[in-house]
Amino acid sequence: MQSSTKLLSGTRNNFIALLVCLLVLVPVYVVLVNSLKDSAGARTMSAAWPDTLHFENFFTVIDRGKLAQSFVNSMLYATSATLVSTLLAAMAAYVLARNRTRLNRFVYFFIVMGIAMPLNFFTLTKVMQITHLINTQFGIIILYAATQIPFNVFLIYGFIDAIPRELDEAAIIDGCGPFRLFFSVIFPLLTPVIVTAGLLNFVGIWNEFLLPLYYLNNSSFWPMTLAVYNFFGQYQQDWNLVSADIVLTVAPVLVIYLLGQRFILSGLTSGAVKG
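This text gives an overview of the structure that appears in the document. These numbers come from a predicted model, not from an experiment. (Residues numbered from 1 in each chain as written. Predicted model: local features only at pLDDT ≥ 70, side-chain atom pairs only at ≥ 80, totals over all residues. Heavy atoms only, no water.)

A word on helix α12 (residues 239-259). The end-to-end C-alpha distance of α12 is 30 Å, a good match for the 30 Å that 21 residues give at a rise of 1.5 Å each. At Ala251, α12 shows its largest bend, some 30°, and a proline, Pro252, comes one to four positions later. (Helix = DSSP H or I, 4+ residues; strand = E, 2+ residues; numbered from the N terminus. Expected span 1.5 Å × (residues − 1). Bend = angle between axes of the 7 residues up to and from the residue.)

Structure below.
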């Protein structure tokens, strides 16, 4: 009786998971199929497979939508901001986790509050103008990194509990200074959670739309999200080109996410539950 109940429960859960997968995959399939149609065939955005595959849509989009420059910009922003945010967050989380004074606990919770607190765009715009970072690539990288640090600190903070303090003591006895202790002993052990945070940051930054919309007026600095938005405004009647544009925008980050999926699973289960 108990085994049959478990079987029914497992079947039900698998069925629900299948439905969720279909809800996610069907729109992706529709966009992919219509990116391979001509303009007339894609007008209805149907799920029917085209008789002739029009791969030239992708070359047209790259040429007209200036996706090459936007791709370089997105890679620059996502990679740079991810490296900065994960490194700074790892250093901060290590210090806060190893020295749990009242002040450090307050600093930790103050930083983590940034996960839920909304951005004040009016104040942020004033700060960007005063520091001359508005409409600059360096400025948008700093913004991206700053928005990711609270979540990174939260994730890495919990993971550090799994690292024995005896390693710190042994390294100090061997003559390691603070920086050498962190980068030579602790940082390599943080690889799963660092990769997890990095991949999640990369995906989030790649898909970010509001920050570059507000703070990048020069079209040569636009990431792919703004390039897609601009392209849709010009070619909203050509759904085959719009679909091809979306596919080219999503493909790089999807590949990176799939490659690092096992690190995400191990990092989340080992880190976040311990915070």
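Anyway, onward from the coordinates.
Two descriptors summarise a pair of aromatic rings, namely the distance from one centre to the other and the angle between the planes of the rings. A full pass over the atoms with the stated rule returns 13 aromatic pairs. Centroid distance Phe106 to Phe110: 6.1 Å. Interplanar angle 25°. Geometry classified as stacked. Residue Phe106 and its partner Phe110 are located together in helix α4 (residues 102-112), separated by four residues, close to a single helical turn. For Phe106, a relative accessible area of 55% corresponds to the exposed category. Judged by its relative accessible area of 56%, Phe110 is exposed. Judged by centre distance (5.2 Å) and plane angle (65°), the rings of Tyr108 and Phe109 are edge-to-face. These aromatic residues form a ring-pair network of at least three members: Tyr94, Phe182, Phe183 and Phe187. (Phe/Tyr/Trp six-rings, centres within 6.5 Å; stacked < 30°, edge-to-face > 60°. Buried < 20%, exposed > 50% of the residue type's maximum accessible area, 1.4 Å probe, protein only.)

To continue, consider the environment of Ala81. With respect to the helices and strands, the residue Ala81 is situated in helix α3 (residues 67-98). The sequence separation of Ala81 and Phe138 amounts to 57 residues, and the corresponding C-alpha distance is 9.6 Å.

Bringing the nonpolar core into the picture now. One finds Ile140, Leu143, Tyr144, Leu211 and Tyr215 to be the most contacted residues of the largest nonpolar core, which totals 30 residues. For this core, the secondary structure elements donating two or more residues are α2 (56-64), α3, α5 (121-130), α6 (137-160), α9 (191-206), α10 (210-215), α11 (224-234) and α12. In terms of residues, this core owes the most to one element, α6, which gives five residues. For Tyr144, the contacting residues outside a window of four places in its chain are Tyr77, Ala81, Ile205, Glu208, Leu211, Pro212 and Pro223. Grouped together as the second largest cluster of nonpolar side chains are 24 residues, Val112, Ile160, Ile163 and Leu190 included. (Core = buried A, V, L, I, M, F, W, Y, C linked by side-chain atoms within 4.5 Å. Contact = heavy atoms within 4.5 Å.)

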